[in-house]
Each structure stands twice: as C-alpha cells, then as structure tokens.
Amino acid sequence: MTTRHVALLAAAGILLYGGAIALAATSNHAGTGVVVLAIVAGISFTATGIVATVRRPHNRTGLLMLAVGYFWALGALQLTQSTVLFTIGSVFEQLAFAPLAQLLLSYPTGRLESRRHRRLVGAVWGAVIVGPIVVGLFQRHPTKCSKCPDSAILVRSSHQLWVAAEVAFAVVAVVLALFALVELARRYRAAGPPLRRTLGPVYGMFCVALVFIIGANVVGAVSDPASTVLGAIAIGCITFVPVAFLVGLLRSRLARGSVVRLLMELDEGAPLQDALATALGDPSLEIAYWPERRRHWVDADGHRVTEPTRIRGRSVTMVERRGEQIAALTHDGSLDDETDLVQGVAAAAALALQAERLQAELRNQYAFLITLVDTAPSLFTTLDLQGRILNQNVAVLEASGYEDEELVRGRFFWNVFGDPENRDEMRRAFEAAAPEFAPSEYENAFTNIRGEPRVITWRTAPVRDESGEILSIVAGGIDITERKHQEVELRGNEERLRAVIESSPVAIVEVDLENRVLTWNPGAERTFGWTAEEVVGRPVPVIGPEHETESGELDARIRAGAVVAGLETNRRRKDGTNVDVEVAAAPVRGSDGNVVGFIALYMDVTERKQRTLELQRERDATDTLVQTIPTLVVVVDENAHILVNEGRAGINRAFEDRLGWSDDEVGGKSLLEFIHPDDAYAAVMGIGSALNGVPAVERMSRWRRANGESVVVEWTATPMPDPSTEARRLVLISATDVTERAQHEDEIRASRTRIVQAADDARRKLERNLHDGAQQRLVALSVSLRLAEAKLGSDPDSAAAIITAAREELAHALEELRELARGIHPAVLTDRGLAAAVEALVARTPLPVEAELPEERLPAAVEAALYYVVSESLANVVKYAGATSIRVSIAVDGGETVVAEVSDDGVGGADPARGSGLRGLADRVEALDGRLEVESPAGGGTRVRVDLPLPLPSAQAPVGEHGAPTRAV
Amino acid sequence: MRKTVLIVDDHPSFRGSARAVLEAEGFDVVGETDSGGSAIEATRSLHPDVVLLDIQLPDESGLEVCAWLMSLNGAAPQVVLVSSRDGCDYGELIAASGARGFVPKAELSGEALSSLLE
C-alpha cells in the first residue's frame, strides 16, 4: 500500500466528510447533536479504516471500516433537499450497518469463519438495502421529519404500507441484531484468551451500542426525544469501536519484547512449545515438526500428526530456516494480525529447532559411532595420561577375559593386558612415551585372566582438544592370536615339506617361469650328479639335445596347467650318460592363482627296468618249463574257469597233446566240462580248498579226451597269485597221466591174485597127490603086511607072496614120493643149478630134445622161474603139440638179461590166454620184471620165449642157498 | 554063515588088499565099486550085509552115501566107514552118520570089522 493510495483514501475521506459537514451546516432538518456525533463517528471509522488498511493490507477489517466511514458519510446526503439525494442518503445511512456487522463478526481477521456468519452478514446486507428502498417506496418522508424532502422513489403514499414496511423493517432489524448479538456472544465464548483480549473491548462497546440502538428503536415508538438520546449514545459507543481496534494495534507493538524473552528462555533450555506459547500469549499453540528425512509431520515426541491446516479460528505459521521448512506453529487465528510478533517468534523457533535438530543428529551420530566401536571386532580402548583405561569396547573386554567391564575400567592398561613378567616393561614404555605420546605400534603377547594366551597388535594415538592439549590416548588393537597360530602351523608345515623334499630319494626340482632352477634336493643330486650350488639359478641341466622335443612338449602341457604323472623317459646326468626316469610334473601357482613356476619329480627307474627285464626272463623260463614238462598243467580261476591270459588259454603243451583239445576249445570254459561227471564234485572241492590256501592232496580223476575217451589222472590243486596285474585268485592244477599205471596196477593186482591162487592150487594138488598116490599105497601096504603077519604061521607061502607084492608096492610108493618131491622143487636145481636140472628134465622127456644151456649159475629166483617155464613147456609139448623134436635154449644176453626159448615143431595153435599153466608162468616171469611170449601159429609149431632181467650185482640174491628160494613164489 | 561085503573105494590097490584080508578072515566079498553112485546101485542089486565105505569118494561124500544106505528100509546094510585119514578129522560126523563105526585103512582086518558088526 503505497503513499499514493493512502493519500487517495485520505482525500476521499476528507472530501466526503467535508461535504457532509457542509451539508450538515446547511441542512434544515438536521439535529445538530446527532449530526455532530455521527460525523465524528464516521470520521473515526474512516481514519482508523485508513490506518488499518495501511498496517494490515490483507486484512479486510480496514476496508470494512472504510466502508462504514464512507457509507456513513454518504448518509449525510439525507441532509439535502434533493429527493434523489435524500433517498440515496437514506439508503446509505442504513447501508453502513452492513459492513459494520461484517466488521464485528469478522474481527480481527477480517474473514467470516463460518457459514452462519456469512448468512447472517448476507442477511444484514440484504435487509439494509431492501428495507429503506421498500420504505421509500411507500413513505414520503420520515414521520419525524416534516421538512425532509420526499422519497424519490415514492410509488404511493400509503400510511398502512409504510407503517407495515417500517414495522417489518424494524422487526427484521431487531431480529438480525439479536442474531448478531448471539453470534458475537458465541464467538467470544469460543475464543481463546488472546482473542478475547482483542474482542473484549470491541464487543463490549458494541453490545452497549446495540442495546442503545434497540432501546432507541423501541423507545422511538413511544418517545422521540428519548429515542434520539439513546440513538446518540449508541453512535457514541460505535465510535469507540475503532478506538478499541487501535488499542489492539498498539498492543502488538508492545508484544515485540516478548521475542527477546523467548530467546532467553530458549537459551536456558525451556521446552520449545511452552516457551513459544508464552511468547505469543497463546497456550493453544502447537508445534509440528517436519523432520529432515521423513515425509510427514511429527509432534514433539516423534509421533506422526496430520498436516497442520487452518481450521476453526486456528492459523498455521511455517517455521523456515534458510528456505527449508522445519516446523509449523498452529496458533490462534487472532495472532495472524501480529505478523511481526509471530514472525519473530517463528524465527526464534527456527533457531531453537535447528539447534534441536543438530543436537538430535549429533546424538544419532554419537549413538552410531558408539555402536560401531562397541561391536567392531577390533579392540578400541581409551587411556588417560597415566595409562588407566577410561573406556573400552566389547572386543577389549573379551580379550581381557573379564566379563564385567567394571573390573577393567580404571585399571592400568598393563595390569589387564600384560603378564606379570612384562608389566613393568610396559609401564616404563608408556611413561617413556609421555608427554608426546606419539603414534606408535606395539605387539603384545599375554595370557588373560581366563588363562587364554592372546597376541594383540596395538596402535596408539593421542586425542587432542582444540588447543592441542592431549586429552587421552586411543589405542586400537587387532587380536592376532589366530594368525599367530596359523603362522606357527604354516611354518611347521613348511618345515615338514622341506624335510620331505630333503629326505626324499626322488629328485625334486623346482624351476621358475624361465626354467631356471629354484630348488634342487639331495635326491636330484644323487640322481643327476650335479650339486645344488652348481645348478641353482641356472637353466635346468638335465635336458640333453635328444630330449628337447619331448621335454618341450611336456613343458607346453605343464604351462597350460596340466599335471603330468607316470611319464617314462630318460634325462642326462652330469657325466653325460642318460638315466632312465619316471617323471611327474605340475605347475606351481601363487596365491593369486597364476602360475609362478613348475615342479618336477624324477624317479630313477634304472633298477626297476632291470628287474622288469629279469622278471620277464624268469617268466619266459617258467613258461618254457611249463610247456615242456610232461605233467598236464591247467590254470583256473575261482569259478573253475580255465584262464585266458593275453589270448592264450592257461593250459600247457602236455594238456593239449594228451587230451587233444586246442587252445580255443578250452579257454574260458569250465574245467568241469573236461572232467568225468562222477569226479566233478571232487574237483570242485579240490579247487575250493586250494583257494582257501590249503594245497589239495593228490586225487585221481577221469578226464575227457577230445575223442571222448577217458584218461585217468592224478592231480593236485595249488593256489597261485595272478601273474598279470589283476588281483585274481587262481588255482594251478597239475596232473599226471596215470592211465597206464592204473592199468598196470590192475594187472599186477590180478597177477598177484593169480599167483596166490596158483600157490594155493599147487598145495591142494600136492595134498591130493599125496593122498591119492603114496598114501594109498602105503595104506594098502600096511594091510598086506598085516595079512602076511597073520598068515605067517598058517600059510607061509602065501605070506611070502604077499610080502613080495608088498615090496613092489612099496617101491612104487617111494617112486611116487620122489616124483612128488621133484614136482615141488627139484633138489638138483638147488644143488647143481639150472643146466643140470634142465638136463634131468630132458632125460625124462620122451621126445628128443636139443638143449643149449648156460654154464654159469644165475640167481636162484631166475633159475627157478626158468626151470618151471621149461618144465611146463616141455610137458605141454609132450601133451598137446604132437611134435617130433623140441629145442631148448637158455642164454645170458649182454650180462643184463637172460633169454630162454622152448620151441617145437608141433601143430601150434597154443592159446596163452587159455592155458592156466602158461598164465601162471607169465605171472611168475612178470614178478621178476620179465616177459613171457608165446608164438604159436597154427600148424607152425610153438615157441615159448622168456626174457628176464638180471638184477644188479649188489642186489643179486645169494646163489645156491639151501632151502627156500629167496623170491617169494 | 559068512557075511557078504561090498567094498566101496576109489583106490584099486586098497580094494585089492582089503579083499585079500577080508576073504582070508571070514568074509565074502561080493562086489567092489569105486564111486558113490555105483555103490548105491551095487547095494540094490547085490544086497550085501556089510558095506565097507570109503569116506573120500570122487563123486559124493561117503557120509552122504551112508545116509542114503541107512534110508533103505528093511534092506539097509551095515555100513562101516574107512579112510586113509584119521578118524579125528571127521569128529561127530561118523557117530551121526548111522554107520556101525570107523576103521583106519591101515588097520583093516577081519577082526576089526567083525568087532563093529552086530
């Protein structure tokens, strides 16, 4: 609102009231007192209206006051004589009440707060416009004013109508006035103390005025002068309304001091809301905060609140600091007028709030830091200048071993973190660091109160204040106990590794990326000849020109990250020769995973190679042996399947030859297929017991030949390790073909039986011969002699005849006995030998015999055998051959065998199998390991031939012994 | 009256000497056979009073022949067993055979025979 506006308003006012005064002076129907008062009231309104408009430009109060003032001034037009002007004036006179009513109801903010107020005010405006017009329509001039000009809008002068209109108007006015009063009273009641302070005088004054107005109207019906007086008093009251307003204005200026008081109170730490309320004089004041990081309003306790808005007579003032809203003050609406006060208070509040906010932030930061420090795994402790612990975090407490921090705080650092033996040292070190306490590092090993050994590295630094004074010493520590353990372990591991490398017989060579030797162990020295000093730092020496290609390939593979093992090759020695080695190599990676070098292990396999060769030779020798021995050899696995090794079946040459199976017919098949079913069980048992480690006893089985025949074998099963690399359990079965032997044994058994039988037969025959022959004769002889004895006396001649006959009988008997004896064993053979005995035989043979006989004596058994052969043969020839001559020859052949032959020229056809005599001879001959042959073609004579081996001189039976022959017969 | 005797023995020399002794000592030798079978036939046909029976016969045992002879009802002859073997060799058999007795061949005489007969 510029000065120009002010000047304009003032000019208008002066103009209007100048005019009014002029009119009042010249009017013929004006009551002086009333007019004067009216003008004074009007001027008062106008002046304060101007002031209010200036001071509170946005407050309508000023405008309303001006309206009242101007309208009232225009009301002075009633003082004219002009009908039109008069009418206009009467309208304006009444019209002034409308802004007045509005002013009162909207005081002090200038706004009508509720609909009821607005309606009321609207009604008033309506009434004051319509009323006088209606009255003017029907009333010529006011009753009391006869000199007044007529109404310009007079339609009809009707007493009844204008009375009615007036009454109506009066009623309406009264009603509205009453309503207004009620509303004012209500407003006052609902108002807070500051508002009441403002409203009080104004309303009070106005109420009084109203009373008088009502009184004036009421009394006016009865008494005019009384009504005038009352009206005058009412106007006087109204005049004071602006004065009251001025009072309100003045008060706000005084209130500025309260801001200073507020600041002081805040400085002393008074709660903000209370202090602000006191400063503004509004106990209903509320602060809502807009915290920085939130998006909503909170109250002093931090609880969320709704956004402060202006409702029901309360206003909101924003508190801002540097353009940023930080709070809102909700206060009584009446304080809106006192902008300066409120702004000043808000500014103070802003300062205070900022301080509060900073404090809150500081607290938060502090809380954060404390938590950080407390929960950090590192140790934090603060010491005072004497070395006592001021405070510590949780980690420190834990390291110290104490559970109660009271036991740590206040104690000397070295008493908590030092062992008795080094406490003094620690204390001295601390004291030596004073007074500068320069930042330092220190490693501290101690055993805490719980007995746990700890190692902590401390870093200390002094804490200074703004002036540079040292306040305390901060020590930060890291518990490196674990790390120390690990270091020790690592060293231990390294030591072990070193020991392994040093002691290993294998050559271990480590090289860097350029193939220069880094490590060369004693094993390498032994294998290659160079010592470590000779090779470390230089390129690897073991690769000769012939190794370059292969070594280059190996190198490439290792560099690509591969690990190589088991590579058989050779490398160069210091003396220039090559050594056979098995190589394993791998890249060595650094801690970042990249390859930093290579490590190679060389194992000297010279011996191993030799042994392999030897083993191979042995194996070949064994193989040859197995193949050539006559024993049948077959190797089976645990399931009795014949082994197949490198395509060949596990059988030897003898097996193939004897049984007739080929390699592929046999390989992999079950051995039981080649064994007679009856013997299969025994085979399984034998193999099983061999697998259990018990070498089986010899068993006999029948094995099948390819052509279906059986052979009898005597076999054993032995467990054997697998010659190939697989760890199977195998069984070696070796079998001897005993088919012939079995047959021989059968024959021998049979022959023995026959021999025994023959002996028994001979005995029986002897007994019979004795019984039948000699014994009978002797018996008969005995009878005859007795007869002769009986007849001796009576008939001597017959007795003599009987005796003679008896003598003959006796001779026969003796002869028979002699024959018999000869049959058993001829004495001549024992006494004079084979030749003589055969000659005696020949002498008794009825046919001519040609004999060729040895001169020397032979072993008794041999001579006996030959004698019986010849004897039996001669008897057979005589009995069956029908021959004319016989030839007998016995001769020693080469000193080792004696050959005897008896041949005749008879009919032949002798069957050696049929005659038991020849059978018995064969047995006798075979019992001496000899052989009997009979050749007897039909019609071609018969030849019996005997070959007998002569025993060696040491085993020779004594010759010519009396008694039984030495060989059993 | 002289008793009739049948001599059963497979040795002719003994048969000869036995005949000579028995005829000289009061017996009538009516026949000589050399086997069990022929002995039975001869007994049937000749009806001898006495049969001098050798135990060792070629075809049958003399004891069995004796048993058969004993079974001849009515006409059973008196049997005397002889042998070149000892009587002890036969044990109870002789007693159980039904024969009158046993005489070793070497001691054969008329008297020895008569002593056994009834």
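Up top is the structure these notes are about.
Residues numbered from 1 in each chain as written. Chains lettered and ligands numbered in written order. Predicted model: local features only at pLDDT ≥ 70, side-chain atom pairs only at ≥ 80, totals over all residues. Heavy atoms only, no water.

(A) Local environment of the overall build of chain A. Of the regular secondary structure elements, chain A holds 29 helices and 26 strands. Counting only residues that meet the buried cut, chain A has 39% of its 969 residues in that class. For chain A, contacts bridging at least 24 residues in sequence account for 55% of all contacts bridging at least 6. For chain A, the exposed area adds up to about 53,000 Å²; of that, 57% sits on carbon and sulfur atoms. (Helix = DSSP H or I, 4+ residues; strand = E, 2+ residues; numbered from the N terminus. Buried < 20%, exposed > 50% of the residue type's maximum accessible area, 1.4 Å probe, protein only. Contact = heavy atoms within 4.5 Å. Areas by Shrake-Rupley, 256 points an atom, 1.4 Å probe, with all protein chains shown as cover.)

(B) Quick peek at the pattern of salt bridges. Residue and element names in this part refer to chain A. By the definition in use, this model includes 53 salt bridges over all chains. One salt bridge connects Arg571 with Glu550, and the closest N-O pair in it is separated by 3.2 Å. Of this pair, Arg571 sits in strand β13 (residues 564-572) while Glu550 sits in helix α19 (residues 548-559), and the two are 21 residues apart along the sequence. When its relative accessible area of 2% is taken as the criterion, Arg571 is described as buried. Look at Glu550 and you get partly exposed, because its relative accessible area is 25%. We note a salt bridge from Glu863 to Arg857, for which the minimum N-O separation is 3.1 Å. Note on Arg857: relative accessible area 33%, which makes it partly exposed. Each of Glu901, Arg931, Glu933, Glu935, Arg943, Arg945 and Asp947 takes part in salt bridges that share partners, so that together they form one network. (Salt bridge = Lys/Arg side-chain N within 4 Å of Asp/Glu carboxyl O.)

(C) Looking closely at the environment of Pro462(A). All names here are of chain A. Considering the arrangement of structural elements, one finds Pro462 in strand β9 (residues 453-464). In this structure, the C-alpha to C-alpha distance between Pro462 and Asp384, residues 78 residues apart in sequence, is 9.8 Å. Discounting chain neighbours no more than four positions away, the residues touching Pro462 are Glu436, Phe437, Pro439, Ile470, Ser472 and Ile473.

(D) Here's a closer look at the sheet that holds strand β16 (residues 632-636) of chain A. Residues and elements named next belong to chain A. Strand order in the open sheet made by the four strands is β16-β21-β20-β19, with antiparallel pairing throughout. With one partner strand each, in any of the chains shown, β16 and β19 (699-704) form the two edges of the open sheet. Here the strands of the sheet are splayed against their neighbours by 40° on average, with no regard to which way each runs. Of the strands in this sheet, β16, β19, β20 (710-721) and β21 (729-737) are in contact with helix α23 (residues 677-691), which crosses β20 at around 20°. (Pairing = 2+ DSSP bridges. Axes fitted to C-alpha atoms, helices over the stretch in contact; angles between N-to-C directions.)

(E) Focus on the interface of chain B and chain A. With 17 residues of chain B in contact, the opposing surface of chain A contributes 15 residues. For the chain B and chain A pair, buried surface summed over both sides reaches about 1,300 Å², with 58% attributable to carbon and sulfur atoms. At the boundary of chain B with chain A, the tally comes to two salt bridges. Where Glu25(B) meets Arg786(A), a salt bridge forms, and the shortest distance between an N and an O atom there is 3.7 Å. For the pair chain B and chain A, the number of links is six residue pairs in polar contact (both at pLDDT 80 or more). (Buried area = accessible area lost by both parts, 1.4 Å probe. Polar contact = N/O pair within 3.5 Å; in protein donor to acceptor, adjacent residues only side chain to side chain.)

(F) Focus on the packing of aromatic side chains. All names here are of chain A. Counted under the stated rule, the structure contains 16 aromatic pairs over all chains. Judged by centre distance (5.9 Å) and plane angle (40°), the rings of Trp520 and Phe528 are tilted. Phe528 matches Trp520 in its accessibility class, with the two residues each being buried. With centroids separated by 5.5 Å and ring planes inclined at 75°, the aromatic side chains of Tyr867 and Tyr868 adopt a geometry described as edge-to-face. Look at Tyr868 and you get buried, because its relative accessible area is 17%. Among the aromatic residues, ring-to-ring pairing joins Phe412, Trp414, Phe430 and Phe437 into one connected group. (Phe/Tyr/Trp six-rings, centres within 6.5 Å; stacked < 30°, edge-to-face > 60°.)

(G) Quick peek at the pairing of strand β10 (residues 470-479) of chain A. Residue and element names in this part refer to chain A. Pairing geometry for strand β6 (residues 379-383) and β10, over five bridges, is antiparallel. The partner of Phe380 across the bridge, within β10, is Gly476. Joining the antiparallel neighbours β9 and β10 is a turn of five residues, in which Gly468 adopts a positive phi near 100°.

(H) Local environment of the pairing of β6(A). All names here are of chain A. Here β6 lies mainly inside the structure; four of its five residues are buried. Bridging between β6 and strand β7 (residues 389-392) involves three bridges; their strand directions are antiparallel. Paired with Thr382 across the two strands is Asn391, which belongs to β7. From the end of β6 to the start of β7, which pair antiparallel, there are five residues, and Gly387 there has a positive phi angle of about 100°.

(I) Representation of a nonpolar patch on the surface in the model. All names here are of chain A. Where nonpolar side chains cluster on the molecular surface, the patch consists of Phe368, Leu369, Leu372, Val373 and Phe380 and spans about 440 Å² of accessible area. At four residues, the largest contribution of residues to the nonpolar patch is made by helix α12 (residues 339-375). Inspection of the secondary structure assignment puts Leu372 in helix α12. (Patch = residues over 30% accessible without salt bridge, like charges linked within 9 Å, V, L, I, M, F, W, Y side chains within 5 Å.)

(J) Molecular detail of the environment of Ala328(A). Residue and element names in this part refer to chain A. When you line up the elements, Ala328 lands in strand β5 (residues 324-332). In this structure, the C-alpha to C-alpha distance between Ala328 and Glu286, residues 42 residues apart in sequence, is 8.1 Å. Once residues within four sequence positions are removed from consideration, Ala328 is found in contact with Glu286, Ile287, Ala288, Trp297, Pro308, Val316, Thr317, Met318 and Val319.

(K) Broad picture of the sheet that holds β7(A). Residue and element names in this part refer to chain A. Taken together, five strands build an open sheet; the order of strands is β7-β6-β10-β9-β8 and the sheet is antiparallel. Two strands lie at the open edges of the sheet, namely β7 and β8 (440-447), each paired on one side alone. The mean inter-strand angle of the sheet, taken between neighbouring strand axes irrespective of direction, is 30°. In terms of strand pairing, β8 meets β9 through eight bridges, oriented antiparallel. In the sheet register, Glu441 faces β9, and the bridge partner there is Arg459.

(L) Region of interest: helix α27 (residues 834-844) of chain A. Along α27(A), the residues that are buried comprise Leu834(A), Ala836(A), Ala837(A), Val838(A), Leu841(A) and Val842(A). Where the residues of α27(A) are buried, they touch α26 (827-832), β22 (849-852), α28 (860-881) and β23 (886-893) of chain A.

No statement about biological role is implied by the geometric values presented.
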